[in-house]
Amino acid sequence: MATAAATSASEPEAESKAGPKADGEEDEVKAARTRRKVLSRAVAAATYKTMGPGWDQQEEGVSESDGDEYAMASSAESSPGEYEWEYDEEEEKNQLEIERLEEQLSINIYDYNCHVDLIRLLRLEGELTKVRMARQKMSEIFPLTEELWLEWLHDEISMAQDGLDREHVYDLFEKAVKDYICPNIWLEYGQYSVGGIGQKGGLEKVRSVFERALSSVGLHMTKGLALWEAYREFESAIVEAARPVAGFLSPFDREQTFDSQLEKVHSLFRRQLAIPLYDMEATFAEYEEWSEDPVPESVIQNYNKALQQLEKYKPYEEALLQAEAPRLSEYQAYIDFEMKIGDPARIQLIFERALVENCLVPDLWIRYSQYLDRQLKVKDLVLSVHNRAVRNCPWTVALWSRYLLAMERHGVDHQVISVTFEKALNAGFIQATDYVEIWQAYLDYLRRRVDFKQDSSKELEELRAAFTRALEYLKQEVEERFNESGDPSCVIMQNWARIEARLCNNMQKARELWDSIMTRGNAKYANMWLEYYNLERAHGDTQHCRKALHRAVQCTSDYPEHVCEVLLTMERTEGSLEDWDIAVQKTETRLARVNEQRMKAAEKEAALVQQEEEKAEQRKRARAEKKALKKKKKTRGPEKRGADEDDEKEWGDDEEEQPSKRRRVENSIPAAGETQNVEVAAGPAGKCATVDVEPPSKQKEKAASLKRDMPKVLHDSSKDSITVFVSNLPYSMQEPDVKLRPLFEACGEVVQIRPIFSNRGDFRGYCYVEFKEEKSALQALEMDRKSVEGRPMFVSPCVDKSKNPDFKVFRYSTSLEKHKLFISGLPFSCTKEELEEICKAHGTVKDLRLVTNRAGKPKGLAYVEYENESQASQAVMKMDGMTIKENVIKVAISNPPQRKVPEKPETRKAAGGPMLLLQTYGARGKGRTQLSLLPRALQRPSATAPQAENGPAAAPAVAAPAATEAPKMSNADFAKLFLRK
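Reading the values: the criteria
Residues numbered from 1 in each chain as written. Predicted model: local features only at pLDDT ≥ 70, side-chain atom pairs only at ≥ 80, totals over all residues. Heavy atoms only, no water. Helix = DSSP H or I, 4+ residues; strand = E, 2+ residues; numbered from the N terminus. Buried < 20%, exposed > 50% of the residue type's maximum accessible area, 1.4 Å probe, protein only. Contact = heavy atoms within 4.5 Å. Areas by Shrake-Rupley, 256 points an atom, 1.4 Å probe, with all protein chains shown as cover. Core = buried A, V, L, I, M, F, W, Y, C linked by side-chain atoms within 4.5 Å. Phe/Tyr/Trp six-rings, centres within 6.5 Å; stacked < 30°, edge-to-face > 60°. Lys NZ or Arg CZ within 6 Å of the ring centre and 35° of its normal. Salt bridge = Lys/Arg side-chain N within 4 Å of Asp/Glu carboxyl O. Pairing = 2+ DSSP bridges. Axes fitted to C-alpha atoms, helices over the stretch in contact; angles between N-to-C directions. Expected span 1.5 Å × (residues − 1). Arc of directions from axis to C-beta. Parallel < 35°, antiparallel > 145°, perpendicular 65-115°, else oblique. Nonpolar A, V, L, I, M, F, W, Y, C, P; charged D, E, K, R; others polar.

Within an unreviewed UniProt entry, the label attached to the protein chain reads Spliceosome associated factor 3, U4/U6 recycling protein, and the organism entered is Colobus angolensis palliatus.

Okay, here's the thing in structure tokens:
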């Protein structure tokens, strides 16, 4: 029964809260019985062999090979048994694929999926030696998952023949339990070690493995039960196996042996019952049945206390059972709970459980290692976790920096730290600044090794050589890859100069370094000069301080006033009269030149503002002229309008396409208070249609009544939390509330849909959707960008912008995202499925978004989100420059530029100049047409409008409208103009 429970407890965590139970599967029961039988017979064989003098194993039917029977039983479920592979017509195809994968790994050894595929194919082809080498190479670079380790272990167990092979399997188990804390691997390790109990030290080996397993995962609430049951069953089997041997021992030795062994079983029961585990009640009942004496009161108290603790932990365990992998948020909540309690063993276990499913989350590794560095401070444990962290997330520079600090903190050999640093440089960071950070961490470590009391030492020379190599590495390797050094402010060089000046008293070298810093584009910044001045002030002399400030006055362009003030302050404190005069002269000259440059810039800006104002005025006059012309056309009689039908079409064809303008023309013809019949040209034959036109007063009343008839959409701002705002809907949508209701009812009960209409009854393309519950509104936000009648529907929170004018809805990140790619240059015909198929070849695609305009048309851009940063970086290297449907695409890590916010109109007063108005542009920018809409026949050439060489000259300061300059014309004059060819 115990073995069956142990086996069932090793099932996944997604089982019922009553504890992981076997569902009555016959295979599991048979496997459990086989393991139990093999366990008992193996223990019996080893016990009789060591304790029973003259015991003949063959007479009792126990052979020496019984210990190896476990290997067959433990690997029967997942091992292929014998490697008798049948070669078929796919053999050649597999061999070619193996060669391709090997070539790919020779180019990029960090391709995880390529390693997995190669191992799978080699195992399928029966290449035992090659598959072993492939697994070995992969394990040196990456930590292997539980599935990969179990497959490897089962293969090695099936091939183990003698004691040397068993030792090799033991070594593999030791490597496996170091990668991740996996209860199933520990259980396999303990059960496999039972098979070697007959060897020298076998009994102690088994107990050692089980004790280590309990200390590692014995607190695991859902999977720890299997290990406790297996260990207890092993000790119980030894008790049963020792009974026949008791007759060969003296009464005293017999009592001592049995008491000692029974106490081990009692101790296991008591230890297990003091720990909160699922199915504790069954374990307690089993202990009562097994024990000949009543259960001690202290054990009952510990058991009850564990039950109370179990009730506190159950909500977190149930949350894990109900959630889907990787369950990061559930694990983080569990970790926070354990941190409050403060039990180091349980905190370590929950971190390890979380990392099994979230091994590619750098922040989780950082939090775990930080806890170990600050709380436990156990060298082997701390360094092991740091090593596993950089193997899982080698692209994260923070993990490497922390690893170097931990190694230094625990006194690791310098050679080992240097090798680790070299591995970090080859890890493939995503940003140039990451290389600067890792170099800084390593240089800080080397600086702490130097004894600066000595004038020269091996460590000091090594530090200087490292600084030189760092500068060369950033200039050659990093700049070549990223087109930037990652260190524009020369932070590494500044640190080197400080060390030379303060610790080595070598100001000459420090000055050389600062000269190099300034020649790299930093001479225009005041803060760089002041940093150099402060260094000279602290460790140099007054002469070099004065020289540095004089150079700063001439070169600084961002804050020259500040540098001039520092120079004058120094000369006022310790300079001579001559020094003061020179400083005043230089600062005045420099500031005068700066003010002159600023005045020119201000004048240029003012000219641009004036030019834009004049253009706006021209557009205003053009609109006024056009309006005046239309007004004159409206006042003409019907007989003039029908004079020339062709000319009417030439000048008035726009009115046929604009009903609103036609209404204004018609309504302005009749006299007030009566209805007139107006003849309007209606066709090429010259026929006229009679139109009844109402007086303006009646038209206004009719428009007002139409406006009153339109239902007013009132919005209650108190319901904003349960309301969403839907926009960008097609204007042609008929009955929007009827068509949208089925879409939003999938999110929850819809109380009301309020579409917005114009005064004429046309749908304006947006509406409000009110739900009954707030969670339904939140769920509706996920429908943003859903296609409705060919257009992407925008769904956003309902917010009163009069109270929150800066509120904007943008669901996507605008900062650097290392796991997301930005792809440009895509053909417009490329579909989401086609692009996803291409991207899946380089990693797991979590999300893919094709960028479209408001009408739903593609823009040739896309964002692709991968599972981790490593996959994203590999995809960039492989996809950038790829050709898709004759289009060459560009691929980069997603890092959108900062959005430009237009400046608000404000006045700025330049130094010594007038108040200047800063020009701002609307949403349409400056791209408005500046064509004159006045007919050419009415235009008059202006003698005061000279032509500029590269465009129109600036308009005069005072310009009268063109309509006022032309003489007044009668209707007959207008008719002549229209009839003129």
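That covers the picture; the talk isn't over yet.
Across its full length, the protein chain carries 38 helices and 17 strands. Looking at the protein chain as a whole, 40% of its 981 residues qualify as buried. Looking at the protein chain alone, contacts between residues at least 24 apart form 63% of all its contacts between residues at least 6 apart. Put simply, the protein chain shows about 56,500 Å² of open surface, and 50% of that area lies on carbon and sulfur atoms.

With that settled, consider the nonpolar core. Counting 161 residues, the largest nonpolar core has I185, I438 and W439 as the members making the most contacts within it. Setting aside chain neighbours within four positions, we find I185 in contact with E146, W149, L150, L153, F173, A176 and V177. Listed in part, the 19 residues of the second largest apolar core include V724, C747, A777 and A780.

On inspection of all chains with the given rule, the structure shows 33 aromatic pairs. Relative to Y334, the ring of Y316 lies with its centre 5.4 Å away and its plane at 20°, an arrangement referred to as stacked. Here Y316, found in helix α14 (residues 297-322), pairs with Y334, found in helix α15 (residues 328-341); they are 18 residues apart in sequence, far enough to count as distant. Taken together, a centroid distance of 6.5 Å and an interplanar angle of 65° make the contact between W439 and Y442 edge-to-face. Here the residue W439 and the residue Y442 both occupy positions in helix α21 (residues 432-449), the gap between them amounting to three residues, near one helical turn. One Lys or Arg, K205, reaches over the ring of Y170 and ends 4.6 Å from the middle of that ring. Between the NZ or CZ atom of R346 and the centre of the ring of Y313, over which it lies, the distance is 4.3 Å.

Moving on: the pattern of salt bridges. Throughout the structure, instances matching the rule amount to 45 salt bridges. The salt bridge involving R598 is made with E561; its shortest N-O contact spans 2.7 Å. In this pair, R598 sits in helix α28 (residues 577-634) while E561 sits in helix α27 (residues 560-574), placing the two residues 37 residues apart along the sequence. Look at E561 and you get partly exposed, because its relative accessible area is 33%. Its salt-bridge partner being R785, residue D784 comes within 2.7 Å of it at the nearest N-O pair. Residue class for R785 comes out partly exposed when judged on its relative accessible area of 37%. Overlapping salt bridges bring together R123, R135, E151 and D155 as one network.

On to the sheet that holds strand β13 (residues 890-894). Pairing is antiparallel in the open sheet, where four strands are placed in the order β9-β10-β8-β13. The open sheet terminates on both sides in strands that have one partner only, identified here as β9 (845-852) and β13. When strand polarity is set aside, the average angle formed by the axes of neighbouring strands in this sheet is 25°. Here strand β8 (residues 817-824) pairs with strand β10 (residues 858-866) via five bridges, running antiparallel.

Look at helix α16 (residues 344-357): 21 Å from first C-alpha to last across 14 residues, which is about the 20 Å you get at 1.5 Å a residue. Within the sequence span of α16, burial applies to R346, I347, L349, I350, F351, E352, R353, A354 and L355. Next to the buried residues of α16 lie α10 (202-217), α14, α15, α17 (362-376) and α18 (379-392).

With 14 residues, helix α6 (residues 128-141) should cover 20 Å at 1.5 Å per step; its first-to-last C-alpha distance of 21 Å lies within 8% of that length. Among all positions of α6, only V131, A134, R135, M138, S139 and I141 are buried. Down the axis of α6, the sector holding all buried residues measures 160°, keeping them to one side. In α6, the exposed positions angled more than 90 degrees off the buried face are occupied by T129, K137 and E140. Packed against the buried residues of α6 are α5 (112-125), α7 (146-159) and α18.

Closest axis-to-axis distance for the helix α9 (residues 183-194)/α10 pair is 8 Å, and the angle between their directions is 170°. Between α9 and α10, the interaxial angle falls into the category roughly antiparallel. Contacts between α9 and α10 involve P183, W186, Y189, G190, Q191, S193 and V194 from the former and K205, V206, V209, F210, R212, A213, S216 and V217 from the latter. Classifying every residue of the contact of α9 with α10 gives nine nonpolar, four polar and two charged.

Further remarks concern the packing of α27 against α28. Relative to each other, α27 and α28 sit at 170°, their axes nearing to 10 Å. With respect to their mutual orientation, α27 and α28 come out roughly antiparallel. Residues P560, E561, C564, L567, L568, E571 and R572 of α27 touch α28, and the partners they reach there are D579, W580, A583, V584, T587, L591, V594 and R598. In terms of residue class, the contact of α27 with α28 is made up of nine nonpolar, one polar and five charged.

On to the sheet that holds strand β5 (residues 763-771). Sheet architecture is open: five strands sit in the order β4-β5-β3-β7-β6, paired in antiparallel fashion. At either end of the open sheet lies a strand with only one pairing partner, and these are β4 (750-757) and β6 (786-788). Between one strand axis and the next, the sheet turns by 30° as a mean value, whatever way the strands run. Both strand β3 (residues 723-727) and β5 contribute to a ladder of four bridges, which runs antiparallel. Paired with V726 across the two strands is C767, which belongs to β5. Across the sheet, helix α33 (residues 736-745) lies against β3, β4, β5, β6 and β7 (791-797), angled at about 140° from β4, the strand it touches most.

What follows deals with the pairing of β10. Alignment of β9 against β10, held across seven bridges, turns out to be antiparallel. Each residue of the ladder has a partner; that of T852, found in β10, is P858.

As a further point, take the environment of Y525. Take Y525: it is sitting in the loop between α24 (507-522) and α25 (526-539). Linking Y525 and A552, residues 27 residues apart in sequence, is a C-alpha distance of 8.6 Å. Leaving out residues up to four positions away in the same chain, Y525 has contacts with T556 and D558.

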